[in-house]
Amino acid sequence: QLAALAHRRVSRVVVVETADVAVSVWGRTVALRAADLAKEEPWVMLTHVARQLAALSLPKTSRLGWLVAGLGLGVGHLLPPLAAVVWVLLLGGAAMYAGLSATEAWTKATERRTAELIGALRQSTPEAFAELAKRQGLA
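It should be emphasised that the depicted structure is a prediction, and the values quoted were computed from it without experimental measurement. Every residue gets a number counted from 1 within its own chain, in the order that chain's sequence is written. Only residues with pLDDT of at least 70 get local features here, since the model is predicted, and only at 80 or more are side-chain atom pairs given and counted; chain-wide, interface and lining totals rely on the full set of residues. Each side-chain value is worked out from all heavy atoms of the structure, with water and hydrogens disregarded.

J.: What is the right way to read the overall build of the chain from this model?
T.: Summing up its helical and strand segments, the chain has six helices and three strands in all. Here a strand is any run of E in DSSP of at least two residues, a helix any run of H or I of at least four, and the numbering for each starts at the N terminus. Each helix (α) and strand (β) of the chain, taken in turn from the N terminus, gives the series α-β-β-β-α-α-α-α-α. Burial here depends on accessible area, computed with a 1.4 Å probe over protein chains only, as a share of the maximum for the residue type. Under 20% is buried, over 50% is exposed, and the range in between is partly exposed. The buried share of the chain, taken over its 139 residues, is 26%. Should any heavy atoms of two residues lie within 4.5 Å, those residues are considered in contact. Contacts in the chain between residues far apart in sequence, at least 24 positions, make up 49% of those at least 6 positions apart. Each accessible area is a Shrake-Rupley result for a 1.4 Å probe, and residues are judged covered by the shown protein chains and nothing else. Accessible surface computed for the chain: about 9,900 Å², of which carbon and sulfur atoms make up 65%. The convention is simple: Lys and Arg are positive, Asp and Glu are negative, and His and the chain ends are not counted. For the purpose of locating charges, the reference atoms are NZ of Lys, CZ of Arg, CG of Asp and CD of Glu. A distance of 8 Å separates the average location of the 15 positive side-chain charges in the chain from that of its 10 negative side-chain charges.

Structure follows, in structure tokens:
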């Protein structure tokens with residue numbers, strides 16, 4: 001249901017012994033690490049799955065960034081050697097700053113999308129969250 005809310009098709013869910021993270025989404029397969037599945041609460045695993053699905057739904061890079069970098073390097077090629085070195089260093093610094101800003105924005109967008117997916121799941125299946133609310137003293 002969570003994958004459908006994220007507009008992704010999942011054909012199977014597998015449990016694996018070893019993985020780098022608790023949940024991985026590979027194409028149409030969702031892999032859950034056995035140790036985390038055994039010790040974590042179900043809602044924690046749902047949050048991990050939602051975060052992975054949200055990360056897959058957002059674009060990673062923009063074509064505009066690649067175009068600007070290419071044009072910047074092209075301009076550097078036309079400059080005299082010393083000016084070209086300074087230009088490329090400035091361009092590299094600007095690219096690093098833009099990359100960090102884009103990463104921060106992407107992380108915030110992923111967290112926002114994760115919250116949207118969990119909220120949509122909660123609205124579509126409120127009975128699944130009723131016991132969780134009781135255990136946390138919210139109901």
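The discussion continues.
J.: I keep staring at the side chain of Asp 36 and nothing clicks. Help me out?
T.: Tracing the chain through its elements places Asp 36 in helix 2 (residues 34–39). The class for Asp 36 is buried, based on a relative accessible area of 8%. With residues up to four places along the chain from it excluded, the contact list for Asp 36 reads Ala 22 and Met 45.

J.: I'm lost on helix 5 (residues 81–124) in this one. Help?
T.: An α-helical turn contains 3.6 residues, so a residue and the one three or four places further along point in the same direction. Given a rise of 1.5 Å per residue, 44 residues ought to cover 64 Å, and the 62 Å separating the end C-alpha atoms of helix 5 matches this to within 8%. Along helix 5, the residues that are buried comprise Ala 84, Leu 91, Ala 109, Thr 110, Arg 113, Thr 114, Leu 117, Ile 118 and Leu 121. How far a helix is expected to stretch is found by multiplying one less than its residue total by 1.5 Å.

J.: For this particular structure, what's the right way to read the environment of His 7?
T.: With respect to the helices and strands, His 7 occurs in the loop between helix 1 (2–5) and strand 1 (12–16). Measuring from C-alpha to C-alpha, the distance between His 7 and Gly 93 comes to 37 Å, with 86 residues separating the pair along the chain.

J.: For this particular structure, what's the right way to read the nonpolar core?
T.: One recurring pattern in soluble globular proteins: nonpolar side chains tend to sit buried together. Leu 2, Val 23, Val 30, Leu 32, Val 49, Leu 53 and Leu 117 are the most contacted members of the largest nonpolar core, which has 18 residues in total. Residue assignment for this core shows that the elements contributing at least two residues are helix 1, strand 2 (23–26), strand 3 (29–33), helix 3 (42–57), helix 5 and helix 6 (126–135). For this core, the element with the highest residue contribution is helix 3, accounting for five residues. The residues touching Leu 53, leaving out its near neighbours within four places in the chain, are Leu 2, Ala 3, Ala 6, Arg 8, Val 25 and Leu 117. Remark: nonpolar core denotes a set of buried residues (Ala, Val, Leu, Ile, Met, Phe, Trp, Tyr, Cys) joined through side-chain atoms within 4.5 Å.

J.: Whenever I open this one, a nonpolar patch on the surface confuses me. Can you help?
T.: On the surface, Leu 73, Val 75, Leu 79, Trp 87 and Val 88 cluster together to form a nonpolar patch covering roughly 390 Å² of accessible area. Take Leu 73: it is sitting in helix 4 (residues 63–78). Patch definition: residues above 30% relative accessible area lacking any salt bridge, with like charges linked at up to 9 Å and the nonpolar side chains Val, Leu, Ile, Met, Phe, Trp and Tyr linked at up to 5 Å. Put simply, a salt bridge is a Lys or Arg side-chain nitrogen that is within 4 Å of an Asp or Glu carboxyl oxygen.

J.: I tried to follow the packing of helix 4 against helix 5 on my own but got confused; where do I start?
T.: When two helices pack together, their arrangement is given by the angle between the helix axes and by the axis-to-axis distance. Where helix 4 contacts helix 5, the two axes come as close as 9 Å, and the packing angle between them is 165°. Considering their axes alone, helix 4 and helix 5 lie roughly antiparallel with respect to each other. As for how helix 4 packs across helix 5, the hand of that crossing is right-handed. Where helix 4 abuts helix 5, its residues Ala 69, Gly 72, Leu 73, Val 75 and Gly 76 lie against Ala 84, Trp 87, Val 88 and Leu 91. Angles shown run from 0 to 180 degrees and are taken between the N-to-C directions of axes, each axis being a line fitted to C-alpha atoms and, for helices, limited to the stretch in contact. Comment on the angle field: the value is read as roughly parallel under 35 degrees, roughly antiparallel over 145, roughly perpendicular from 65 to 115, and oblique elsewhere. Should the near helix be turned anticlockwise from the far one by less than a right angle, the crossing is termed left-handed; should it be turned clockwise, right-handed.

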